[in-house]
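# Survey of secondary and tertiary structure
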Amino acid sequence: MKIFIDPPDNTNSSQYSRSGTAKGEEEEAKIEVPTKLDTMSRQKKSLAGQILYRMRLSDSTSRLKWYAAFKNVLPIYIAVHLAVFATSCLAFLFTVPDFSPRIMNIAALWQQWHYWDTSHYTHIALNGYKELSQAAFFPLYPLLERGGMFVTGDPLIAGLLISNVAELIMFVALYRLIEEDFNGEGAYHTVLYLSIFPTAFFFSAAYTESLFLCLSVLSFYNMRQGRWWLAGVFGFFASLTRPDGMYLLLPFCYEYLRQTWLQQGEPFRLRHSIGQMLRLLKAIRIDILFGLFFPAGVILFMFYGYYRFHDLLAFVHAHAAWSRSLHFPGWGILVAIREISMHGFLSFLTMRTMIDLTADLLVLALIVLSFVGPWKLPKNLWVYGLYAAMLFLYFQLFPKDNTAYPLESMSRFVLEIFPAFITLSRISKYRTLHLSYCMLSGAIFFFLLTQFLTNHWVL
C-alpha cells in the first residue's frame, strides 16, 4: 500500500529532497508490513466467522426440523390421547349394572390403569427388589417412578406421566429418523400406524414400552448421524430399561463400520477384500468403544442381582416365575397354531391367541418384505432390517412354556420392532389398504384398551 502526500499550497517543493524521499519510502515500508498482517488477521477472522455462522445456521436448521416434526406428530398424539381419555371415562360402564346410581371417585380414571405389570413396577419403586421374580423387571423405569413421586406423591401417576411424555418424544424422534432416511410422508404414516397398532395403548400405560422405544429410537437416530457417544448413552439407558436394549449393539457396529468404510472413498471389491479390510481396521477410532455402553446396562443389573440375590443371572432365572424358557425359533408359533386348531373359533383361547399370532406373523412378513420384493430397503439402509430381524428372533426364543398361550404378550413385544412399521407405511399409497388398517387396527386397539381398563387379561 503506497501513500501519496500532496504538497500543500504555497510550499517550496525543493524541500522534498532526495533524503526526504528516502525517509518517506522508509515510512511507507513501516506502514506496509502491519497492513498486510492486518489483512491476514481479517481473513482469518472472516473464515472463523463463516464457520461459526455455518454452525449456527446448521443448529438453527436442525431445531426447525425438530420443531416441524413435533408439529406433524402432535395432531396424531392429541387425537389418540383424546380417544384414550374418552375410553377411560366410559370404561367403568362395563363394571356397573345398567341404571346403577353408583358414582365413581375421580381417582378411578387413573386407578383403572393399575393392573398387571404396572403393580410390579410401582411395588419396586416403593420397596425395591424383594423377591427374585421381580428381577425380571429392569430398574430404570421404577427408579424414574421413584423420582417422580417427589412431585406427584404417587408412583402410578408418576409412571403414567413418564410413559406419556416419553411417547411424545418417541414419536417426534421416530419422525425425524425416518424423515432423514426416507421422506416426510413415510415418517408421518409410520408414526400413525404405530400409534394405532392394537396394543399401542401400552405406550400410555405405566409400562416400559414407550420409555424403551423412546431411548432406542434416539440411539438409532444418533447412530445414523454418526454421533457415537450419544448413541451409546441412549443405548445404555435403553438396556437399563429392558434387556432388549443390548441388541442395539448390532446396528451400532454395522453403522460404525459402514460409515467408516464410506470415508475410505472406494468401492468394495472381492479380490481386494483382505487389503480393504485391513485399511478398514486401521481407520477404526477409539470412539468405537462407545459400543460397550449397550450391554453395560444389563451388566450393571447383573451385578446388582448378585448383590441382592447372590445370582449374576437373577434377571434370567426370574423368568421361570413367568413360565418362559428357551426354545427353537418358531416353536411358539407352531404350538399356537396347534392350540387354535383344537378349539372352536369363538373361544377365549382362540381369540386371544389369534391376536398374538396375527401380530407376530404380520411383523415377520414386514421384516421379510424389507429385504425382498418391491418394498425392500436399499442396501445403505439394511441396518433397519437387520435390527428388526435380531429383535424378532430374540422374542421367538422365549415363548411361554407348558401353556395353551405360548405367544402371550407377543403382540405387545413387537411394538419394539419399529423398523417393521416403516415397511408397513408403504401401504399408505393404497387407499383401501390404508383405510382398512386404520379402521381394523383402531377398532382392536380400543377394544383391548377397554378390556385392560376393566381388569381383563390383556398382555
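A brief structural summary. (Residues numbered from 1 in each chain as written. Predicted model: local features only at pLDDT ≥ 70, side-chain atom pairs only at ≥ 80, totals over all residues. Heavy atoms only, no water.)

### Considerations on the overall build of the protein
The number of helices and strands found in the protein is 18 helices and zero strands. Residues classed as buried in the protein amount to 44% of the 459 residues present. When the accessible surface of the protein is totalled, it reaches about 24600 Å², and 67% of it is carbon and sulfur. (Helix = DSSP H or I, 4+ residues; strand = E, 2+ residues; numbered from the N terminus. Buried < 20%, exposed > 50% of the residue type's maximum accessible area, 1.4 Å probe, protein only. Areas by Shrake-Rupley, 256 points an atom, 1.4 Å probe, with all protein chains shown as cover.)

### What to know about the nonpolar core
One finds Leu194, Tyr384, Ile417 and Phe418 to be the most contacted residues of the largest nonpolar core, which totals 109 residues. The element contributing the most residues to this core is helix α5 (residues 155-181), with 13 residues. Dropping the residues within four chain positions of it, Phe418 is found in contact with Leu174, Leu177, Leu213, Val217, Phe220, Tyr384 and Tyr387. (Core = buried A, V, L, I, M, F, W, Y, C linked by side-chain atoms within 4.5 Å. Contact = heavy atoms within 4.5 Å.)

### Concerning the layout of surface pockets
Approximately 770 Å³ is the volume found for the largest pocket. Ala136, Arg242, His319, Arg324 and Phe413 are the residues nearest the centre of the largest pocket, which is lined by 32 residues in total. Elements that contribute at least two residues to the lining of the largest pocket include exactly α3 (117-127), α12 (314-317), α15 (382-396) and α16 (410-413). (1 Å grid on protein atoms, 1.4 Å probe; cavity = no way out; pocket = protein on both sides within 12 Å on 5 of 7 lines; lining within 4 Å. Points joined across faces, edges and corners; volume = space filled by probe spheres on them.)

### A few points about unusual backbone geometry
Across residues other than glycine, the phi torsion is negative in most instances, and most of the peptide bonds are trans. We note that His310 has phi near 55 degrees; this positive angle belongs to a residue other than glycine. The exposure class assigned to His310 is exposed, which follows from its relative accessible area of 66%. Within the chain, Ser409 stands out as a residue other than glycine whose phi angle is a positive 75 degrees.

### Points about the pattern of salt bridges
As enumerated under the stated definition, the model contains 13 salt bridges in all. Of the charged contacts, one joins Arg176 and Glu180 as a salt bridge, the two residues approaching to 2.7 Å between their closest N and O atoms. Taken together, the residues span about one helical turn, with Arg176 and Glu180 both in helix α5 at a distance of four residues. The class of Arg176 is buried, set by a relative accessible area of 2%. Here Glu180 falls in the partly exposed class, since its relative accessible area comes to 35%. One salt bridge in this structure joins Arg224 and Glu255, with 3.0 Å as the shortest N-O distance. Linking Arg224 in helix α7 (residues 209-224) with Glu255 in helix α9 (residues 249-262), this pair joins segments that are 31 residues apart in sequence. Exposure class is identical for Arg224 and Glu255. Each is buried. Residues joined in a network through salt bridges with shared partners are Asp117, Glu209, Arg242, Asp244, Arg412 and Glu416. (Salt bridge = Lys/Arg side-chain N within 4 Å of Asp/Glu carboxyl O.)

### Focus on the packing of aromatic side chains
Scanning all chains against the criterion turns up 40 aromatic pairs. In textbook terms, an aromatic cluster arises when at least three aromatic residues are bridged by ring pairs, as seen for Trp113, Tyr115, Phe201, Phe202, Tyr207, Phe445, Phe446 and Phe452. The ring of Trp66 has Arg176 lying over it, and the distance from NZ or CZ to the ring centre is 5.5 Å. Residue placement shows Arg352 over the ring face of Trp457; its charged tip is 5.4 Å from the ring centre. (Phe/Tyr/Trp six-rings, centres within 6.5 Å; stacked < 30°, edge-to-face > 60°. Lys NZ or Arg CZ within 6 Å of the ring centre and 35° of its normal.)

Don't take any of this as a statement about function, it's just geometry.
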